[in-house]
Amino acid sequence: MANVDVRLLRYFIAVAETGHMTRAAERLGIGQPPLSQQIRVLETQLGVTLFERLPRGMALTDAGQAFLADAYEVVRKLDQAVDDVRRVAAGVKGRLSVGFTSSAALHPFVPTVIRAFRSDAPSVSLMLDESSTGELLDGLRDGHIDVAFIRQPQGNTGEIAVVQVLEEPMVLAVPSAHPLARTGRGAKVTKAAKAAKAAKAAKAAQAANAHEAAVPMTAIASEKLILYRRRAGQGLYDAIIAACHSAGFSPAIEQEAPRLLTTLSLVAAGLGVSVVPASLMRMQIEGIVYRPLAPPPRAPLCCAYRDGVLAGPTARLLEHVRAVAGA
């Protein structure tokens, strides 16, 4: 089996296309004698005559004509492979798996990063996965996930780099008929939300909430608390419990829900109150009023990825994470 150097194929193609050894040598930027010698080397390796040497040029033999189509294909595939691997290394081609917790996905930061990356690298096959913090960290270790947006991780994060990109306050979510909803300007927010379109109502509710008198953490000491299940969101759960303990009480946990949206649905049904990241105020669910807390528990948003040398689409996504965080 002949071990043909691709360089010889490029020489062969140049001679076949120009039909002349000297013109082919000029195109390739080498001397005519070395080119002639290399063509003979290729013919020797193949065991066939590829060209008829004419007084005024070179003509392909039948074997040469048959070989030309295959030479084109080999060179084309090699050039494509080189281009592909360079594009993967640059992060504009390949595959990227991004995971996120439900609370992280509801913060505008995450869709902003994904949107910027998609616009920058449309040829990357992007897979998105929503799961719990623990499952996402396991996915990073196993190589099934490349980057994950999570809240504060707890426990062992060996082999995983976790970078905090922002921190937001947490707010109280109460049923609209609850006494805490009517404190300050809570009732006005509820009426405005019902009267306006959903998008405008969300912005209006956030603006009004920012100017309300905050509910002291001690006010929820006697309330039935509905929390996002700890094993699904350990960082948020522990931050809320720690804030309650700092305020001098242990919370009465009524239920633990598997999803944040489930938590809000239970609050809307009047089964209790909850403490959620402020970004969830964008979720204008009928029957819920959001109130600021004092002092507010803090909810970090983190980006996690496998520690080590970063390259390809992962590195490119992290560039967008840094850019959006910096902005």
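Higher on the page you've got the structure.
Residues numbered from 1 in each chain as written. Predicted model: local features only at pLDDT ≥ 70, side-chain atom pairs only at ≥ 80, totals over all residues. Heavy atoms only, no water.

Undergrad: Pulling in residues and values, what's your account of the overall build of the protein?
TA: Along the backbone of the protein there are twelve helices and twelve strands. Classification of the 327 residues of the protein by burial places 45% in the buried group. Expressed as a percentage of contacts within the protein between residues at least 6 apart in sequence, the contacts between residues at least 24 apart total 74%. With an accessible surface of roughly 16,200 Å², the protein has 53% of that area assigned to carbon and sulfur atoms. (Helix = DSSP H or I, 4+ residues; strand = E, 2+ residues; numbered from the N terminus. Buried < 20%, exposed > 50% of the residue type's maximum accessible area, 1.4 Å probe, protein only. Contact = heavy atoms within 4.5 Å. Areas by Shrake-Rupley, 256 points an atom, 1.4 Å probe, with all protein chains shown as cover.)

Undergrad: Before we move on, can you summarise the packing of helix α2 (residues 21-28) against helix α3 (residues 32-46) with the specific residues and values?
TA: Between α2 and α3, the least distance of the axes is 9 Å, while the angle of their chain directions is 105°. Compared by their axis directions, α2 and α3 come out roughly perpendicular. On the side of α2, the interface is formed by Met 21, Thr 22, Ala 24, Ala 25 and Leu 28, while α3 contributes Gln 32, Leu 35, Ser 36 and Ile 39. Looking at the contact of α2 with α3 residue by residue, the class counts come to six nonpolar, three polar and no charged. (Axes fitted to C-alpha atoms, helices over the stretch in contact; angles between N-to-C directions. Parallel < 35°, antiparallel > 145°, perpendicular 65-115°, else oblique. Nonpolar A, V, L, I, M, F, W, Y, C, P; charged D, E, K, R; others polar.)

Undergrad: Tell me about the pattern of salt bridges, and name the residues and values.
TA: Tallied over the full model, the rule gives twelve salt bridges. Look at the salt bridges and you will find they share partners, linking Glu 73, Arg 76 and Lys 77 into a network. (Salt bridge = Lys/Arg side-chain N within 4 Å of Asp/Glu carboxyl O.)

Undergrad: Quick one: what's the story with the nonpolar core, residue by residue and with numbers?
TA: Leu 172, Val 275, Val 276 and Tyr 290 are the most contacted members of the largest nonpolar core, which totals 39 residues. Broken down by secondary-structure element, the contributors of at least two residues to this core are β6 (160-175), β8 (224-228), α10 (234-246), α11 (260-268), β10 (274-277) and β11 (288-294). Per element, the largest residue contribution to this core is six residues, and it comes from α10. With 24 residues, the next largest nonpolar core counts Phe 100, Val 165, Tyr 305 and Val 321 among its residues. (Core = buried A, V, L, I, M, F, W, Y, C linked by side-chain atoms within 4.5 Å.)

Undergrad: Any chance you could break down the packing of helix α1 (residues 6-18) against helix α4 (residues 62-90) for me, citing the residues and the numbers?
TA: At a minimum axis distance of 10 Å, the contact between α1 and α4 shows a crossing angle of 125°. By the criterion of interaxial angle, the relationship of α1 to α4 is oblique. For the pair α1 and α4, the sense of crossing is left-handed. Within the contact between the two elements, α1 uses Val 6, Leu 9, Arg 10, Phe 12, Ile 13, Ala 16 and Glu 17 and α4 uses Gly 64, Phe 67, Leu 68, Ala 71, Tyr 72, Val 74, Val 75, Leu 78 and Asp 79. Split into classes, the residues belonging to the contact of α1 with α4 amount to twelve nonpolar, one polar and three charged. (Left-handed = near helix turned anticlockwise from the far one by under 90°.)

Undergrad: How would you explain α1 if you had to name every residue and give the values?
TA: Along its 13 residues, α1 runs 19 Å from first to last C-alpha, staying within 8% of the 18 Å computed at 1.5 Å per residue. Among the structural elements, α2, α3, β1 (51-54), β2 (57-60) and α4 are those in contact with the buried residues of α1. At the N-terminal end of α1, a side-chain oxygen is found 2.8 Å from the backbone nitrogen of Arg 7, two or three residues along, and the residue is Asp 5. (Expected span 1.5 Å × (residues − 1). Polar contact = N/O pair within 3.5 Å; in protein donor to acceptor, adjacent residues only side chain to side chain.)

Undergrad: Describe the state of the cysteines, listing the residues and the values that go with them.
TA: For the structure on display, the rule yields zero disulfides. Cys 303 carries a free sulfur, and the closest cysteine sulfur to it, the one in Cys 302, is 8.8 Å from it. Owing to a relative accessible area of 2%, Cys 303 belongs among the buried residues under this scheme. (Disulfide = S-S within 2.5 Å.)

Undergrad: Describe in detail the environment of Pro 297, supporting the description with residues and values.
TA: If you trace the backbone, Pro 297 turns up in the loop between β11 and β12 (298-306). Taking the relative accessible area as the measure of exposure, Pro 297 reaches 5% and is therefore buried. Along the backbone, Pro 297 and Ile 241 are 56 residues apart, and their C-alpha atoms lie at a distance of 9.2 Å. Setting aside anything within four residues of it in sequence, one finds Pro 297 in contact with Glu 168, Pro 169, Met 170, Met 217, Ala 239, Ala 243 and Val 275.

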